[in-house]
Amino acid sequence: MRLVRTLRGRLLAIALVWCGLFLFATGFGLQTMMRSYWQGAEADGLRLQIYDLLSRLEVQQNGMPVVAEPMTDPRFRQPYSGYYWQVESEGRVIGRSRSLWDTSLKTQGLKSAFGGPDLFIGKGPNKEPLLIMTRTILLPGSDRVFTLVIAKDSSVLTQTLKKTRISLFFGLVFAAAGLVLGFMFQVIYGLRPLQLLRRELGRVHQGHQESFRLRYPLEIQPLVEDINRLLHHYGELLQRARSHTGNLAHTLKTPLSILRNQVAQLPPEEQCALGEQLDQIQRHIDYHLGKARVTGAAKILGVSTPVRARVEYICRAFSRLYPHKTVDLQVPADLAVGVEEQDFDEMVGNVLENAFKWSASQLRISSADLGGWITLRIEDDGPGMSEDEIARSVLRGVRLDEKVPGSGLGLNIVAGLAEAYRGSFIMGRAELGGLAASLSLPKVARVVS
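This one's a predicted model, so the numbers in the text were calculated from it and none came from an experiment.

Reading the values: the criteria
Residues numbered from 1 in each chain as written. Predicted model: local features only at pLDDT ≥ 70, side-chain atom pairs only at ≥ 80, totals over all residues. Heavy atoms only, no water. Helix = DSSP H or I, 4+ residues; strand = E, 2+ residues; numbered from the N terminus. Buried < 20%, exposed > 50% of the residue type's maximum accessible area, 1.4 Å probe, protein only. Contact = heavy atoms within 4.5 Å. Areas by Shrake-Rupley, 256 points an atom, 1.4 Å probe, with all protein chains shown as cover. Patch = residues over 30% accessible without salt bridge, like charges linked within 9 Å, V, L, I, M, F, W, Y side chains within 5 Å. Salt bridge = Lys/Arg side-chain N within 4 Å of Asp/Glu carboxyl O. pLDDT = per-residue confidence, 0-100. Axes fitted to C-alpha atoms, helices over the stretch in contact; angles between N-to-C directions. Parallel < 35°, antiparallel > 145°, perpendicular 65-115°, else oblique. Left-handed = near helix turned anticlockwise from the far one by under 90°. Pairing = 2+ DSSP bridges. Phe/Tyr/Trp six-rings, centres within 6.5 Å; stacked < 30°, edge-to-face > 60°. Lys NZ or Arg CZ within 6 Å of the ring centre and 35° of its normal. Polar contact = N/O pair within 3.5 Å; in protein donor to acceptor, adjacent residues only side chain to side chain.

K.L.:
I tried to follow the overall build of the protein on my own but got confused; where do I start?
P.N.:
Helix and strand counts for the protein come out as eight helices and 15 strands. Buried positions account for 36% of the 449 residues belonging to the protein. Across the protein, contacts joining residues at least 24 apart in sequence account for 59% of those joining residues at least 6 apart. Just so you have it, the protein exposes about 27,100 Å², and 58% of that area is on carbon and sulfur atoms.

As structure tokens, this is what we get:
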């Protein structure tokens, strides 16, 4: 069933069915024509033999015919050669060929052959199959009715038809093989542009190129150009939206800083009330900016991020802040995920920031290649979290430790971005004793170094 779900399979199936039906009809028709031809040739041969026999008959004074001269074909004189003739009158044999020796042919109750009125199938002296032709005649000088009988061994015709069928079969098999190969070449060559289009689409999806570059047949090229225009337009819209988001963040940052400085000059009771409101505004801004990034993240085509290279880059940045902590990096260099680099850095950066912040001295980063997904596992030897704390940590604005700086949005953004890319973000107990964060993201083609 899977074969006929592809264009190639459907075209080949149609071609094979048509080829089979056409060759079957052709073979049946040719075999019928050849059989008719050989049967007609045999009947014409027997008819000529009857005319030859008739030309050699002479009527005696008693009115009975005799063969004045022997038949041209010497096989009529060779005993039991398979070629026989005899002359009958009133049901009695009055003359026979020497090849019959002392026997005679049975001409009564014979089965008709080839649908002819004077052609029959019988048995010879040695029980060999015979093709028999009879002809009723009147001879000058005699008032009797005579019947001329000519017989020929039909096994020769049978062998000829058998050889013809075998030759025809092998000829049709050869023709079928040639037609099938021709159909396969036609289908493969005809559908090659679609295969190239699919390959280019995979490269666009994996981030190796941003648009379709090859030239395609006239039936496909307009579609490819429309897709290229759509990709370009979508990329411009996404870039513009992210630019506006960044501009909004920078625009609000300055007024908030001024307000915080002004609040610091107010009485303590007013500082507390206004400071709480400003913190709430900051959290809302951070959340909605992160949400705006998440909204378009999974719909980006043509993105590819090398996992190990970006993890090493982020670890080097945090190692400057936490120089006493070691990182055991167990990630192959040839893995890549279909995630935009900024989103990947934000997800892994938030998780690593927590790991560096809460670990005692050691972190371990490993990866697993599970089919079409890459799972990045980040473990630390810190205090870890309970199940309730894990559930609360991914909620928006929740901070488990108010003494440590932060907005409480990091893990929430990580979970949202992972979900937007149809991945997952799971936390649990690590083998090192602390927290283990597993980030599953879609896999793309391996990075070529």
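K.L.:
Sorry, what's going on with a nonpolar patch on the surface here?
P.N.:
There is a patch of nonpolar side chains on the surface, built from I166, F169, F170 and V173 and spanning about 400 Å² of accessible area. With respect to the element layout, F169 can be found in helix 2 (residues 155–206).

K.L.:
Explain unusual backbone geometry to me, please; I cannot follow it from the model alone.
P.N.:
For residues other than glycine, phi is negative in most cases, and the peptide bonds are mostly trans. Residues other than glycine seldom take positive phi values, yet Y80 does so here, at roughly 50°. In this fold, Y80 is placed in the loop between strand 2 (65–67) and strand 3 (83–89). Of note in the backbone geometry, K127 takes a positive phi value of approximately 65° without being a glycine. Mapped onto the secondary structure, K127 falls in the loop between strand 6 (119–123) and strand 7 (129–138). On the basis of relative accessibility, which here comes to 65%, the residue K127 falls in the exposed class.

K.L.:
Honestly, the confidence of the model for the protein in this entry has me stumped. Any pointers?
P.N.:
Do not read the fine detail of predicted coordinates wherever pLDDT is low. When pLDDT is averaged along the protein, the result is 81, and 88% of the positions lie at 70 or above. Every residue in residues 396–409 is under pLDDT 50, and counting partners more than four places away or in other chains gives 30 contacts.

K.L.:
Sorry, what's going on with the packing of helix 5 (residues 307–321) against helix 6 (residues 341–358) here?
P.N.:
For any two helices packed against each other, one specifies the crossing angle of their axes together with the interaxial distance. At a closest axis distance of 10 Å, the pairing of helix 5 and helix 6 adopts a crossing angle of 45°. With respect to helix 6, the axis of helix 5 lies oblique. Note that helix 5 runs across helix 6; the crossing there is right-handed. Here V307, R310, V311, I314, C315, F318 and S319 of helix 5 come into contact with helix 6, specifically with E341, F344, D345, V348, G349, L352, E353 and F356.

K.L.:
In this structure, what is going on with the sheet that holds strand 8 (residues 145–153)? I would like to understand it.
P.N.:
Note: strands within a sheet are paired through backbone hydrogen bonds, in either parallel or antiparallel orientation. With respect to topology, six strands assemble into an open sheet ordered 4-3-8-7-6-5, the strand pairing being antiparallel. Edge positions in the sheet fall to strand 4 (92–96) and strand 5 (111–112), since each has one partner strand and no second. For strand 7 and strand 8, the ladder comprises nine bridges, and the chain directions are antiparallel. Among the inter-strand pairings, I137 is bridged to a residue of strand 8, identified as F146.

K.L.:
How should I be thinking about the packing of aromatic side chains in this particular structure?
P.N.:
Aromatic ring pairs: the centre-centre distance and the angle between the two ring planes describe each pair. A complete count under the given rule lists seven aromatic pairs for this structure. Ring centres of F76 and Y83 lie 6.0 Å apart, and the angle between their planes is 85°; on these two criteria the pair is classed as edge-to-face. Comparing F76 with Y83 shows no difference in burial state: the two are buried. With a centroid separation of 5.6 Å and 75° between ring planes, the pair formed by F169 and F170 is classed as edge-to-face. Its relative accessible area of 51% is what places F169 among the exposed residues. Three or more aromatic residues joined by ring pairs form one cluster here, namely F318, Y322 and F356. Positioned above the aromatic ring of Y83 is the side chain of R75, whose terminal nitrogen or guanidinium carbon lies 3.9 Å from the ring centre.

K.L.:
Explain the side chain of E379 here, please?
P.N.:
Residue placement: E379 occurs in strand 13 (residues 373–380). Side-chain polar atoms of E379 contact the backbone nitrogen of E431, separated by 3.1 Å. Residues in contact with E379, not counting those within four places in the same chain, are Q362, L363, R364, A430, E431, L432, L435 and A436.

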